[in-house]
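# Structure at a glance
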Amino acid sequence: MEAGAGAETEPLLPPRSWLRRAEEATGSDNDLYINQAVVFIEDAIQYRSINHRVDSKSLWLYRWYYSRICQCILSLTITIILALAFIERPSSLTITSDVRYRLPAWDPPCGLTESIELLCFLVFMIDVSVKSYLVGWEEFWKNRWLMAYILTLIVSLTDWVVSLSFVCTETVRIRRILRPFFLLQNSSMMKKTLKSINSTLPEMASVVLLLAVHLSLFTMFAMLLFARTKDGQQDKEWVGYFRNLPDSLTSLLVLLTTANNPDGNLFLMNLLTAIIYNQFRGYLLKSVQSSLFRRRLGIRAAFEVLSSLKEAPANAEQPYVSAGALFQVVQKVEMDSRCKQAIMRSLKIWSGDHLSAAQFQKLFEELDKDAIKQHPPSPEYQSRFMQQVQFAFGHPYFGYLGNVVALANIVSICVVLVMDADKQPSERDDFFLGAINCFFILYYLLEMLLKILAMGLKRYLSYPSNRFDGLLTAILLVLEIATFAEYGFPHPGWRPEFMGLLSLWDMVRLVNMLIVFRFLRIIPNMKFMALVVTTLLDLVKNLRAFAGILVVVFYAFAITGIMLFKGAVVPMGNTSVVNTTYNNGTLQCGTYEQLEYWPNNFDDFAAAVVTLWDVMVVNNWQVFLEAFSRYSSPWAKIYFVAWWLISSVIWVNLFVALLLENFIHKWDRRCHRESLSDIEYQRTVELMFRDVLEEPTEEELMEKLHQHPHLHLCR
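Residues numbered from 1 in each chain as written. Predicted model: local features only at pLDDT ≥ 70, side-chain atom pairs only at ≥ 80, totals over all residues. Heavy atoms only, no water.

### Concerning the overall build of the protein chain
This is how it is decided: Secondary structure elements are defined from DSSP: runs of H or I of at least 4 residues count as helices, runs of E of at least 2 residues count as strands, and each element is numbered from the N terminus. Relative accessibility decides the category of a residue: with a 1.4 Å probe and only protein chains considered, values under 20% of the type maximum give buried, values over 50% give exposed, and everything between is partly exposed. Values of accessible area rely on a 1.4 Å probe in the Shrake-Rupley scheme; residue burial ignores everything except the protein chains shown.
From N to C terminus, the protein chain includes 27 helices and 10 strands. With 715 residues in all, the protein chain has 45% of them scored as buried. Summed over its atoms, the accessible surface of the protein chain is roughly 38200 Å², and 64% of this surface lies on carbon and sulfur atoms.

Right under this line is the structure:
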């Protein structure tokens, strides 16, 4: 095996013309092979492409680039350049975004945010330069993301120069809309998700077209049915909703998003969800399949490199790797400590001195396994009495008893609250509630101590539910001691007099809220409820790619909204509002002004984000649709409808699709995995589809390796 020719490569099989020269080269060549194998395995761990330079200097640069420090600097730079939208003109540093009371915002001097931008651009230029060098010239022209990266930087720098030329007084800054690209290109999972979304769009378009036909037909029916008549009293529907074609379409589109329209809300929208789930799951599965291929390819590349070490005899029929060389490689690889220890243990107990390609690949299947957390063992007591105590208080039934006590605590609090609901604070006697809290808190403290005695402190703290219980118990105990110190022990006539900042009733309410929160401890003991909760928690862990894409879309639409609608909304006292209806001097019910939605505007970035969020969750979004059409232009409806389609229809349905996939996957595995109380499994997006992924064949792997632009195999 040898690296590609040219200045960028180093030969993997040096010439053996002179024995002395070969012996001198052996050590340096072996070091090169080891470093190449280390990088290829790290590529496999992170699902990275192996199509990069493999000479010594490039390998050093490659590992430096993907080091934790460099990646943290790059992530920090992306965060800073995105956060500039909050402080640059128009600044969000105001007390309120309400246009009626908003004071002039802080206006940063020209050159301040631009200097920060320039530093960020310098980091991005270094980033794209290193990436372009590492992949090589041939691969650079095939990588659309790198070319788009360079184009984005060129446009941004040009716009930056124009901004300084106008002394920061220009109203349109194109580079602000391009900033989310830096976040997008830095995440491989976001790229895969975006590719999956892009592939799903044709199927979505069919349902969106059906929605458009549905709206168009019913718009025509409505305009014919509610046409203008001679009797003005009968024209309320025409005036309010069906005056012209745009108003009619808008009215029925708003109706489509409410529960008053069952044919759209129950049938068409759910049909769209089903299609998105079916198609997106397929494309995401393909994306994850390609990730698996990258991992297998990286492992196989490491094997081929290590098989070129000078330890192998020239007449060997099958290539192999020595266990010692692999042990040396694994020691240098940056990987999860759990996987590294498991691979090290397997190597130490390996019966032979060499590994074949299949054995080598199987050894690294540890990377594909669920992350397993093993709990520490319980302490071993010699005393017969302590063994019985350990058995009694370490048994699951003792935990069930705690759940029953927590339920009794909740019921008792509810009874007292119902009895005191109509009483004035001066008439309320907190003796019973205080005594009940004191009793249950003492039980929680005793339960915690007995569990620690039975399980040991390390094992007790290894369970998240125990840490949750212990923390709340400690807080409740501190609050109860503070209450007794301030107000004395519970007694008849214990009334909520103010002493300091809080009254007795405030302290009791705080304690009771924590007790209610503690009742969540029953969730792990209820299988179906635990299944739902773990599904939601795993979904939150795996939502980074989806959340990142949502941030990108939010950012772009917020900046666009600022450019379109900044200063459009003005207080009514300052100007006359066109087409605003008054009834006896009051505003029409349900309008932007009557609902006092003044803080929802596009005068700064923070206010724009909040406004877009309200539209995404369909919170009276027709109010914003009508108001900004009236304050700016009727064409503003296109902006809000586009945002509703992208955020509320497409992204929310994608979120539902991922939620269903995660839940169904866990539901199917629930019957096949035995219940192990001492083991906790953690899932990732890749592991969700692990059962249905296909392993690549050796022919596919070798064919791909032969196509490597910088690494040429001898066989």
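Still more to cover.
### Notes on unusual backbone geometry
With glycine set apart, most residues show a phi of negative sign, and most peptide bonds adopt trans. At the junction of Arg89 and Pro90, the peptide bond is cis and its omega measures out at -5 degrees in the coordinates. As for its placement among the helices and strands, Pro90 is situated in the loop between α3 (68–83) and α4 (112–140). In this structure, Val167 takes a positive phi of about 55 degrees despite not being glycine. One can find Val167 in the loop between α5 (144–165) and α6 (174–178). With a relative accessible area of 54%, Val167 lands in the exposed category. Positive phi outside glycine occurs at Cys168, with the angle close to 60 degrees. If you trace the backbone, Cys168 turns up in the loop between α5 and α6.

### A closer look at the pattern of salt bridges
Put simply, the rule reads: Between Lys or Arg on one side and Asp or Glu on the other, a salt bridge is scored when a side-chain nitrogen of the former is within 4 Å of a carboxyl oxygen of the latter.
Counted according to the given criterion, the structure contains 24 salt bridges. With a shortest N-O distance of 3.0 Å, Arg89 and Asp107 are connected by a salt bridge. Of this pair, Arg89 sits in the loop between α3 and α4 while Asp107 sits in the loop between α3 and α4, and the two are 18 residues apart along the sequence. Judged by its relative accessible area of 35%, Arg89 is partly exposed. Of the charged contacts, one joins Glu626 and Arg630 as a salt bridge, the two residues approaching to 2.7 Å between their closest N and O atoms. Residue Glu626 and its partner Arg630 are both found in helix α24 (residues 621–631); the two are separated by 4 residues, about one turn of the helix.

### What to know about the state of the cysteines
Rules: The disulfide definition used here is simple: a pair of cysteine sulfur atoms within 2.5 Å.
For the coordinates displayed, the defined rule picks out 1 disulfide. Linked covalently through their sulfurs, Cys110 and Cys168 form a disulfide whose S-S length is 2.0 Å. Across the S-S bond of Cys110 and Cys168 the torsion is about 65 degrees, and the bridge reads as right-handed. With a gap of 58 residues between them, Cys110 in the loop between α3 and α4 and Cys168 in the loop between α5 and α6 connect regions that are remote in the sequence.

### Notes on the environment of Lys458
In this structure, Lys458 sits in helix α18 (residues 457–462). Look at Lys458 and you get exposed, because its relative accessible area is 68%. Taking the C-alpha atoms as reference points, Lys458 and His375, separated by 83 residues in sequence, lie 8.5 Å from one another.

### A few points about a negative patch on the surface
Rules: Patches here: salt-bridge-free residues with over 30% relative accessible area, like charges joined within 9 Å, nonpolar side chains (Val, Leu, Ile, Met, Phe, Trp, Tyr) joined within 5 Å. Here the positive residues are Lys and Arg and the negative ones are Asp and Glu; neither His nor the chain ends is included. Think of each charge as sitting on NZ of Lys, CZ of Arg, CG of Asp or CD of Glu.
On the surface, Glu694, Glu699, Glu700 and Glu703 cluster together to form a negatively charged patch. Of note, Glu694 is situated in the loop between α26 (685–688) and α27 (698–706).

### Concerning α5
Filter applied, for reference: To estimate the expected span of a helix, subtract one from its residue number and multiply by 1.5 Å. The arc in question is the one traced by the directions running from the helix axis out to the C-beta atoms.
Compared with an ideal rise of 1.5 Å per residue, which puts 22 residues at 32 Å, α5 spans 32 Å between its outermost C-alpha atoms and is within 8% of the ideal. Taken residue by residue, α5 has Leu146, Tyr149, Thr152, Leu153, Ser156, Asp159, Trp160 and Ser163 as its buried positions. Around the axis of α5, the buried residues are gathered within 150 degrees of arc, so they sit on the same side. Seen from the buried face of α5, the exposed residues on the opposite side, beyond 90 degrees, are Arg144, Leu151 and Ser165.

### A closer look at the confidence of the model for the protein chain
Atomic detail in the predicted coordinates should be set aside for any region of low pLDDT. Basically, it comes down to this: Within a predicted model, pLDDT stands for the predictor's per-residue confidence, ranging from 0 to 100. When checking whether two residues touch, look at their non-hydrogen atoms; a contact exists if any pair is within 4.5 Å.
Looking at the protein chain, the pLDDT average stands at 79 and 78% of residues meet or exceed 70. Ranking the elements of the protein chain by mean pLDDT puts strand β9 (residues 679–682) last with 40 and α3 first with 95. Across residues 1–25, where pLDDT falls below 50, the model places 49 contacts with residues more than four positions away in sequence or in other chains. Per-residue pLDDT stays below 50 along residues 574–585; that stretch engages in 14 contacts with residues further than four places along the chain or on separate chains.

### Observations concerning a nonpolar patch on the surface
Together, Leu209, Val213, Leu217, Phe218, Met220, Phe221, Leu245 and Leu249 give the surface a local cluster of nonpolar side chains, amounting to about 750 Å² of exposed area. The leading source of residues in the nonpolar patch is helix α8 (residues 188–225), at 6 residues. Residue position: Leu217 is located in helix α8. The exposure class assigned to Leu217 is partly exposed, which follows from its relative accessible area of 47%.

### Some remarks on the packing of aromatic side chains
Put simply, the rule is: Any Phe, Tyr or Trp ring, taking Trp's six-membered ring, that has another such ring centre within 6.5 Å forms a pair; planes under 30 degrees apart are called stacked, those over 60 apart edge-to-face, and the others tilted. When the NZ atom of lysine or the CZ atom of arginine is within 6 Å of a ring's centre and also within 35 degrees of its normal, the charge is said to sit over that ring.
Going through the model one piece at a time under the given rule, you end up with 38 aromatic pairs. Taking the centre distance of 5.2 Å and the plane angle of 90 degrees together, the rings of Tyr639 and Phe640 count as edge-to-face. Each member of the pair, Tyr639 together with Phe640, is buried. Taking NZ or CZ as reference, Arg48 lies 3.9 Å from the ring centre of Tyr66, over its face.

### Focus on the environment of Ile475
Checked against the element boundaries, Ile475 lands in helix α19 (residues 464–487). Owing to a relative accessible area of 34%, Ile475 belongs among the partly exposed residues under this scheme.

### Brief notes about the side chain of Arg102
Note the threshold: Polar contact is defined as a pair of N or O atoms within 3.5 Å, subject to the rule that within protein one atom must be able to donate a hydrogen and the other to accept it, and that residues adjacent in sequence are counted only when both atoms are side-chain atoms.
Tracing the backbone shows Arg102 in the loop between α3 and α4. Polar side-chain contacts of Arg102 include one of 3.1 Å to the backbone oxygen of Ser91. Excluding anything up to four places from it in sequence, Arg102 contacts Ser91, Thr94, Thr96, Ser97, Asp603 and Asp604.

### Regarding the nonpolar core
Note the threshold: In plain words, nonpolar cores are sets of buried Ala, Val, Leu, Ile, Met, Phe, Trp, Tyr and Cys residues tied together by side-chain atoms within 4.5 Å.
The biggest cluster of nonpolar side chains holds 85 residues, and the ones touching the most others in it are Phe124, Tyr592 and Phe640. Among the elements that make up this core, the one with the highest residue count is helix α22 (residues 544–565) (12 residues). Setting aside residues no more than four positions away along its own chain, Phe124 makes contact with Leu74, Thr77, Ile78, Ile81, Tyr149, Leu153 and Phe182.

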